[in-house]
Amino acid sequence: MTILSDKWIKKSAKEKSMIKPFVSKQIRKGKISFGLSSYGYDARVSNEFKIFTNVNSGIVDADYGVIPIENSTEGAVFHSMDRLVESDLKICSQVYLPIEHCLLSSSSGDTIRAVHSKDQALGQCREWLRRNLPEAALVEATSTAAAAELASREPGVAAIASELTAGLYNLEIRERGIQDKSGNVTRFLVVGKTLAKPLGDGRDKTSLVLSMKDECGALQRVLESFASRGINLSKIESRPSRKKAWDYIFFIDLLGHYTDEPVQAALSELESHCSFVK
């Protein structure tokens, strides 16, 4: 696990240019705990669970965390969504980053018998692996960093990870850009204890988590709370509540800041026909 500070970033121009887009006005002076290794970036990072724990506890020197929430190829990152429900941390910002995966190994291609990586990375490269390494076993790892560390020790094992990871573990890049879609992009969220200030000019987005009452027309009433006020929803997705079978919570992204008057009015209305709004 690594906490990335401004001082650490200055050690590498490549890493600095990679991290720079995350540092908005709200977080420029803070220290940030990153969770990017599973999605094509730095290998020396926390997993999503530790990101929330580090930032929330204050035990380590991290004011903000960066977590993957959605990939353009594989869809939602469910463990991050689940942690958002359980945590009191706030979403402070977001960023979209292109993801390029590399096949890393100390062994040549014809001797690779297993490919290890995070589940999302394996999924984003599924077709390439089927065409080029059809006999290799695909093995899920806790992170791309863990996969690369194993590949550095085990002959015949390859990892899917970033170019930066290859240098950290002295692995050869056997193939670059093995993701199935050239426009492979992951959306990351910056989470922290502070509330984000409005940006204005239509650039704000608010994310909600809610649980509806189990009754006829519940979803329609939720949607009408936004539609009647001209609030555009950019995403709606459901997840099991993990409290009882066939009970669901909904994740909603809307265009606008939560302090905007129409959004405040919609939130007040939601309280009357939702059992949980966050």
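Whatever comes next refers back to the structure up there.
Residues numbered from 1 in each chain as written. Predicted model: local features only at pLDDT ≥ 70, side-chain atom pairs only at ≥ 80, totals over all residues. Heavy atoms only, no water.

### Overview of helix 7 (residues 144-153)
Piece 1. Turning to helix 7, its buried residues are Thr144, Ala145, Ala147, Ala148 and Ala151. The buried residues of helix 7 occupy an angular sector of 160° when the element is viewed end-on, so they sit on one face.
Piece 2. Contact partners of the buried residues in helix 7: strand 6 (102-105), strand 7 (114-117), helix 5 (119-124), strand 9 (157-161) and helix 8 (163-168). (Buried < 20%, exposed > 50% of the residue type's maximum accessible area, 1.4 Å probe, protein only. Helix = DSSP H or I, 4+ residues; strand = E, 2+ residues; numbered from the N terminus. Arc of directions from axis to C-beta. Contact = heavy atoms within 4.5 Å.)

### Side note on the side chain of Thr206
Piece 1. Inspection of the secondary structure puts Thr206 in strand 12 (residues 205-212).
Piece 2. By relative accessible area, which is 7% here, Thr206 ends up buried.
Piece 3. Apart from the residues within four sequence positions on either side, Thr206 is in contact with Ile252, Asp253, Leu254, Gly256, His257 and Tyr258.

### So, the pattern of salt bridges
Piece 1. Within this structure, the stated rule accounts for 14 salt bridges.
Piece 2. The shortest N-O distance in the salt bridge between Asp82 and Arg239 comes to 2.7 Å. Here Asp82, found in helix 4 (residues 78-86), pairs with Arg239, found in strand 13 (residues 233-240); they are 157 residues apart in sequence, far enough to count as distant.
Piece 3. On the basis of relative accessible area, Asp82 is assigned to the buried category, the value being 10%.
Piece 4. On the basis of relative accessible area, Arg239 is assigned to the buried category, the value being 15%.
Piece 5. Taking the shortest distance from any N to any O, the salt bridge between Arg153 and Glu149 comes out at 2.7 Å. Taken as a pair, Arg153 and Glu149 lie in helix 7 at a separation of four residues, close to a single helical turn.
Piece 6. For Glu149, a relative accessible area of 31% translates into the label partly exposed. (Salt bridge = Lys/Arg side-chain N within 4 Å of Asp/Glu carboxyl O.)

### Structural notes on the pairing of strand 12
Piece 1. Extensive coverage of strand 12 is indicated by the burial of six of its eight residues.
Piece 2. In the sheet, strand 12 pairs with strand 14 (residues 248-255) via six bridges, with the strands oriented antiparallel. In the sheet register, Thr206 faces strand 14, and the bridge partner there is Leu254.
Piece 3. By the bridge criterion, three bridges tie strand 12 to strand 15 (residues 274-277) in an arrangement that is antiparallel. (Pairing = 2+ DSSP bridges.)

### Digging into helix 10 (residues 261-273)
Piece 1. Val263, Ala266, Leu267, Leu270 and His273 are the residues of helix 10 that are buried. Summarising the axial view, the buried residues of helix 10 lie within an arc of 120°, below the 170-degree limit, and thus occupy one face. In helix 10, those exposed residues whose orientation departs by more than 90 degrees from the buried face are Glu261, Ser268 and Glu271.
Piece 2. The secondary structure elements touched by the buried residues of helix 10 are strand 12, helix 9 (218-227), strand 14 and strand 15.

### Some points on the environment of Asp204
Piece 1. Within the secondary structure, Asp204 sits in the loop between strand 11 (185-192) and strand 12.
Piece 2. Take Asp204: its relative accessible area is 12%, and that puts it in the buried class.
Piece 3. From its side chain, Asp204 meets the backbone nitrogen of Gly200 in a polar contact 3.0 Å long. (Polar contact = N/O pair within 3.5 Å; in protein donor to acceptor, adjacent residues only side chain to side chain.)

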